[in-house]
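# Residue-level structure breakdown
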Amino acid sequence: MKKNEKTTTDLSTKHFSRYGEFLVSFELSKYGWNVYNPVYDEYIDLIIHKHVCEDCGKNWNLTPALVCKKCGKDFSKSLKKDVIAKKICSDCGTEMIGNKSKCTKCKSISLVSRPSCNKCDGEVEMIDHSCECGSKKYITKFRTIQVKSSRIEHKDGKSKNTFAVDLKPRDLIKDKYHFFIWCLVDDKSLPHFLVMSVNDFKRVMGNSLSGISFLKDQDRQHFSSKDFGKWKEFLNKFDKLE
Ligand SMILES: [Zn+2]
Ligand SMILES: [Zn+2]
Ligand SMILES: [Zn+2]
């Protein structure tokens with residue numbers, strides 16, 4: 001490594017924790033989630049939200065589409081300049097293109113706008129989005145997330161090849177829409193994500209959940225940074241959030 005190069009180990013604990021929240025946020029965006037920060041940080045670090053097709057689960061676009069009635073050409077995606085601004089005189093029927101306020105033939109001012117397709121001259125209209133699968137129904141999902149971040153533990157300047165995550169009884173929010181995401185950053189500054197529900201966490205913890213150290217807020221999960229130990233089943237399990 002170059003002498004002046006900095007790594008995540010140079011971040012303070014507080015900044016690293018925030019860094020982890022951002023990494024998790026960007027990762028969630030890849031799965032189509034919109035990510036929000038609560039005003040107060042009380043066990044919930046992120047609120048996430050998405051719209052998906054009720055039938056096939058694909059991400060849903062809430063904004064209406066601009067589509068030609070006749071040939072079906074979709075102008076929604078940056079092709080708006082291809083929509084022709086046509087005006088039709090309601091008195092004599094003359095069709096005009098561009099920003100006219102009077103009929104070029106009979107001088108009538110009663111002109112009707114008709115956005116038209118540049119391909120087939122059909123009328124372009126705004127229609128509600130529907131899914132490729134044909135469904136017209138979507139559902140809205142909300143989830144709450146607590147992020148726990150860890151770097152590799154070191155002792156006397158040597159890597160212990162372990163991560164450590166602190167969990168406390170008060171973190172065990174009893175809600176099926178609440179999840180933990182552990183952001184584990186290795187020595188190359190690469191993040192790994194473990195995604196689990198509160199019940200997943202309880203199941204893996206088993207008896208140690210009623211152990212004194214957990215109840216006294218002194219429990220710290222240490223596990224291998226190579227294979228994530230008993231937590232490896234949650235690696236990249238972002239589908240749990242669905
Ligand atoms: Zn669908
Ligand atoms: Zn058309
Ligand atoms: Zn006219």
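Residues numbered from 1 in each chain as written. Chains lettered and ligands numbered in written order. Predicted model: local features only at pLDDT ≥ 70, side-chain atom pairs only at ≥ 80, totals over all residues.

### Some words on the overall build of the protein chain
Quick reminder of the rule: Secondary structure follows DSSP: runs of H or I at least 4 residues long count as helices, runs of E at least 2 residues long count as strands, and numbering of each begins at the N terminus. Each radius of gyration is computed over the set of C-alpha atoms, and the globule rule expresses the reference value as 2.2 Å times the number of residues to the power 0.38. Burial is judged by counting the other C-beta atoms within 10 Å of a residue's own C-beta: 20 or more makes it buried, 12 or fewer makes it exposed, and any count in between marks it as partly exposed, with every C-beta position built from the backbone. Think of it this way: build a C-beta for each residue from its backbone, and any pair within 7 Å is a contact.
Assigned secondary structure in the protein chain consists of three helices and 14 strands. Here the C-alpha atoms of the protein chain give a radius of gyration of 28 Å, more than 25% beyond the 18 Å that 2.2 N^0.38 yields for 242 residues. Taken over 242 residues, the protein chain has a buried fraction of 19%. Considering only residue pairs separated by 6 or more positions, the protein chain has 59% of its internal contacts joining residues 24 or more positions apart.

### Regarding the domain arrangement of the protein chain
Our working definition: Where each domain begins and ends is defined by an automated method or by a domain database.
One can read the domain layout of the protein chain as domain 1 (8-60 + 137-241) and domain 2 (65-127). Computed over C-alpha atoms only, the centres of domain 1 and domain 2 are separated by 52 Å.

### So, the nonpolar core
The line we're drawing: Nonpolar cores are identified as sets of buried Ala, Val, Leu, Ile, Met, Phe, Trp, Tyr and Cys residues joined via C-beta atoms within 7 Å.
In this structure, I181 and C183 are the most contacted members of the largest nonpolar core, which totals 21 residues. Broken down by secondary-structure element, the contributors of at least two residues to this core are helix 1 (13-30), strand 2 (46-53), strand 8 (138-151), strand 12 (178-185) and strand 13 (191-197). Ranked by residues supplied to this core, first place goes to strand 12 with seven residues. Residue contacts for C183: discarding those within four places in its chain leaves G20, L23, V24, V147, S149, P191 and F193.

### Some remarks on the sheet that holds strand 13
Stated precisely, the cut-off is as follows: For two strands to be treated as a pair, DSSP must find no fewer than two bridges joining them. Every axis in this analysis is a line fitted to C-alpha atoms, fitted for helices over the stretch in contact. Angles between the N-to-C directions lie between 0 and 180 degrees.
With respect to topology, five strands assemble into an open sheet ordered 1-2-8-12-13, the strand pairing being mixed. Every interior strand has two partners, whereas the edge strands, strand 1 (34-36) and strand 13, have only one. For this sheet the average axis-to-axis angle between neighbouring strands, irrespective of direction, equals 30°. Bridge count between strand 1 and strand 2: three bridges; the pairing is antiparallel. Looking across to strand 2, one finds that N34 is bridged to H49. Strands strand 12 and strand 13 of the sheet are contacted by helix 2 (residues 198-205), whose axis makes an angle of about 95° with strand 13.

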